[in-house]
Structure formats: C-alpha cells, structure tokens
Amino acid sequence: MLAAFPSASLALAMAFPRAAPQLGVHPAAAACPPPRRPLLAPRLSAPRMQGPVVDSESSSFYDEYQRADPKTGQRQPISFQEKEKLYLECLDAFYNEGGKQLLPDDEYEQLKNDLNFEGSTISTLSKDEIRFVLANKRYKMGKPILSDAEYNQLRATLKEGGSPVVLHEAPSCDLDGICKVDLRVDEAKQRLLYLPGTLGSVFVLCELFFWTLHTDPLLSVILAAVPSYFIGVWFTENIFCQKPLVTVAACPECNYLVNAYFGDVFNVQKEGIIPGPPTGNTLELSCPNCKSELVADREKMIISTTVAKGAAAKK
C-alpha cells in the first residue's frame, strides 16, 4: 500500500531512519544494553588514635615534686640531690624527734614516688640501712643516737648482707697514712669452688641409679640433682676446702683488683705440707700491679696497706 504512495514511504523513511549495522558485533549482543559500571564503595577515613583520658587526680601522681617557698608559698622544682636530702630529713625528724613531720602526708608520698621514678636508691633502703645512714648523720651533728657497740653491730650486720651503704669503692686513709678498702665476696669464684663436688656427686648418683634401679639416664640426672647439691656443699667445705671464702677488692694504692682467698685446700697448710702458717682470719698478700704489701681481714672484711702512703716511695 505504501508502494502506491511513494511520497508517503519516503516521508516515513526520513522520519524513522535505520540504525547503521556495526561490523564485527553479533546482532544479539548489539540488542543488549551496555554494561553498567559498578558503584564504588565510599572510602573510609583512617581511624584516629585518641590518647587516654587522665583525670586531674591521676595526673598529679606523675607530676614532679615541687617544694613550696615558706615565705611566698610559690612552688619551685628542686634538684635530685635536694630531694634525697629532704627525704632523709623527713625520716630523721620523724624517728628521732618524736614523730615530727616536715611535710604533709600527700607531699611526702609524692616526694617518695618522684625519687622512685628517678631511680634513687635512698627511697628503697631497708629499715636497718636507713637507721645506719641517720646514725652517721646524727653523729656528725654531735647528737649520736647509737652507742659504739650498737653501731658496730649494725655495721657488721649490713656488711655481712652486702648492703651498699656500708661498702665503699674508694679507699679511706687514716692519720697514720694506712689506707683500707672494703672487701666484697666474689660470687662467681665462690660458686666455682662447689662445682667439682657437685658434678662428681651427680655422676656417681647417676651411675648408682642406673645400675640399681635401671632408670633412664635423663631421669637419673633429675633424681640426683637435689642430693648432689647437698653432697657437693659437704664435700667442698669439709674435704676439698676448709672454710672457703673468695673475696675481691681494689688495691688501696693503685685500684687494681686483688683477690683474697681465705681457707685451706685439702688441709695442706694445716698439715704443714706447704710452708707457712695456717690461714686464719687475716691474710698477707701483695698487689700484682704495684707490689704493695696488703693485709686482708676476714672478720672486718677490709683490705689495708701495711706501710703508710708515700713511705714506700721515699725509701
């Protein structure tokens, strides 16, 4: 019918033009709609770390101690040495002046915590150590709080326990020129003396358990550990060595480390096998470095020179 009216067909063709065919595309694919781009998830912002919320009461625990001026009342920081001195003065006033308090309780606790944070050894001293320090302080003030016997007993107790308040690294010299230094127990060499007896008893007990109880070697070592310790101590102190004590100290003349051994080995000195008197509480020795003659005392735990300082050089 449109063929009978060519002008009408031409108008319709111009009104609805055909889409041009695409080369290389399947007709079915051409009819499909174009794929949609997937929606991207919104980016999340990086989490921010928030600092801990500390209230005012807790924050004051970490504040540095500041001493108040008695005149103006203004608080000012003080040095580390002044803090330790103030701490000792508070203890001295409390124990030796009828419970007198130089600081309020909260300031005293803050001062003590501040000294602990700064690594002070004053705030960690024991009761006897504080008593010894305060006794020295009061003696220099002309107000002794201990008698000579009590002071010597306290000093001996602290020295036996290895307290740092009575052990001094630097030598001290008297008016006669005799210098002395505190002796310290050489823990490494002292324990090394007990090693032969302990290892020997372990070997003997392991063999005994294996041939009598037929136990595993590893189990034998475990069973022999505790008995071997006591056997090793008895063997070392009664057969191998007699009253052994290995000490070390710096030479009062040249600061060279000198070892002093107290005791006997297999009773060779007691039986007279080697020349010399049996070793007692005193020991004579010489410094390997400066050749100074020294005397070590086991009871007092000191090593001292025999000649006044400078006298040997004059000779």
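As a reminder, the structure under discussion sits directly above these lines.
These numbers were taken from a predicted model, which means no experiment stands behind them.

S.K.: Tell me about unusual backbone geometry, residues and numbers included.
M.R.: A positive phi is found at His-214, a non-glycine position, where the angle reads about 55°. Mapped onto the secondary structure, His-214 falls in the loop between helix H9 (195-212) and helix H10 (217-240). The exposure class assigned to His-214 is exposed, which follows from its relative accessible area of 62%. Look at Asn-255: it is not a glycine, yet its phi comes out positive at around 65°. Topologically, Asn-255 is positioned in the loop between strand S6 (241-250) and strand S7 (257-265). A relative accessible area of 52% places Asn-255 in the exposed class.

S.K.: Before we move on, could you go through a nonpolar patch on the surface and cite the residues and values that matter?
M.R.: Nonpolar side chains collect at one region of the surface, where Leu-218, Leu-219, Ile-222 and Leu-223 lie side by side and expose about 390 Å² of accessible area between them. By secondary structure assignment, the location of Leu-219 is in helix H10. Assessed through its relative accessible area of 40%, Leu-219 is described here as partly exposed.

S.K.: Any details on helix H4 (residues 80-96)? Residues and values, ideally.
M.R.: Along its 17 residues, H4 runs 24 Å from first to last C-alpha, staying within 8% of the 24 Å computed at 1.5 Å per residue. Packing partners of the buried residues in H4 comprise strand S1 (66-68), helix H5 (105-117) and helix H6 (127-140). Just downstream of H4 lies Gly-98, where phi reads positive at about 70°.

S.K.: Explain the sheet that holds S6 residue by residue, including any values.
M.R.: Spatial ordering of the open sheet is given by S5-S6-S7, a layout of three strands whose pairing is antiparallel. Single-partner strands in this sheet number two, and they are strand S5 (184-185) and S7. Where H10 meets the sheet, its contacts fall on S6 and S7, and the angle it forms with S6 comes to roughly 95°.

S.K.: Lay out the pattern of salt bridges with the relevant residues and their values.
M.R.: All chains considered together, the criterion is met by nine salt bridges. One salt bridge in this structure joins Arg-75 and Glu-107, with 2.6 Å as the shortest N-O distance. Residue Arg-75 is found in strand S2 (residues 75-77), and its partner Glu-107 is found in helix H5; the two are separated by 32 residues along the sequence. The shortest N-O distance in the salt bridge between Lys-83 and Glu-118 comes to 2.8 Å. You can see Lys-83 sitting in helix H4 and its partner Glu-118 sitting in the loop between H5 and H6, a full 35 residues away along the chain. Residue Lys-83 is classed as buried on the basis of its relative accessible area, which comes to 1%. Exposure remark for Glu-118: the relative accessible area of 35% places this residue in the partly exposed category.

S.K.: Lay out the side chain of Ser-120 with the relevant residues and their values.
M.R.: Structurally, Ser-120 can be placed in the loop between H5 and H6. Engagement of the side chain of Ser-120 in a polar contact is seen with the backbone nitrogen of Ile-122, the distance being 3.2 Å.

S.K.: Explain the packing of aromatic side chains residue by residue, including any values.
M.R.: This model, assessed by the stated rule, comprises six aromatic pairs. Taking the centre distance of 5.8 Å and the plane angle of 10° together, the rings of Tyr-87 and Tyr-108 count as stacked. Note that Tyr-87 is positioned in helix H4 and Tyr-108 in helix H5, a separation of 21 residues in sequence. Their ring planes at 85° and their centres at 5.3 Å tell us that Phe-94 and Tyr-95 sit as a pair that is edge-to-face.

The rules behind each value
Starting afresh in each chain, residues are numbered from 1 along the sequence in its written order. This being a predicted model, a pLDDT of at least 70 is required before a residue's local features are given, and a value of 80 or more before pairs of side-chain atoms are given or counted; all residues contribute to the totals for chains, interfaces and linings. Note: side-chain values were computed over all heavy atoms of the structure, leaving out hydrogens and water. Only DSSP runs of H or I with at least four residues qualify as helices, and only runs of E with at least two residues qualify as strands; both kinds are numbered from the N terminus onward. Between buried and exposed lies partly exposed: a residue is buried under 20% and exposed over 50% of the maximum accessible area for its type, with that area taken using a 1.4 Å probe on protein chains only. Residues enter patches when their relative accessible area tops 30% and they take part in no salt bridge; the joining distance is 9 Å for like charges and 5 Å for the nonpolar side chains Val, Leu, Ile, Met, Phe, Trp and Tyr. Every accessible area reported is derived by Shrake-Rupley at a probe size of 1.4 Å, with residue values counting cover from the shown protein chains alone. The working definition used for a salt bridge is a side-chain nitrogen of Lys or Arg within 4 Å of a carboxyl oxygen of Asp or Glu. A helix's residues, less one, multiplied by 1.5 Å, set its expected span. Here, residues are in contact when the closest pair of their heavy atoms is within 4.5 Å. In this scheme, strands are said to pair when DSSP sees at least two bridges between them. Every axis corresponds to a line fitted to the C-alpha atoms, with the helix fit spanning only the stretch in contact, and the corresponding angles, defined between N-to-C directions, vary from 0 to 180 degrees. For the purposes of these results, a polar contact is taken to be a pair of N or O atoms within 3.5 Å, where, inside protein, one atom must be able to donate a hydrogen and its partner to accept one; residues adjacent in sequence count only when each atom of the pair is a side-chain atom. Each Phe, Tyr or Trp ring, with Trp reduced to its six-membered ring, pairs with another whose centre is within 6.5 Å; inter-plane angles below 30 degrees give stacked pairs, above 60 give edge-to-face pairs, and intermediate values give tilted ones.

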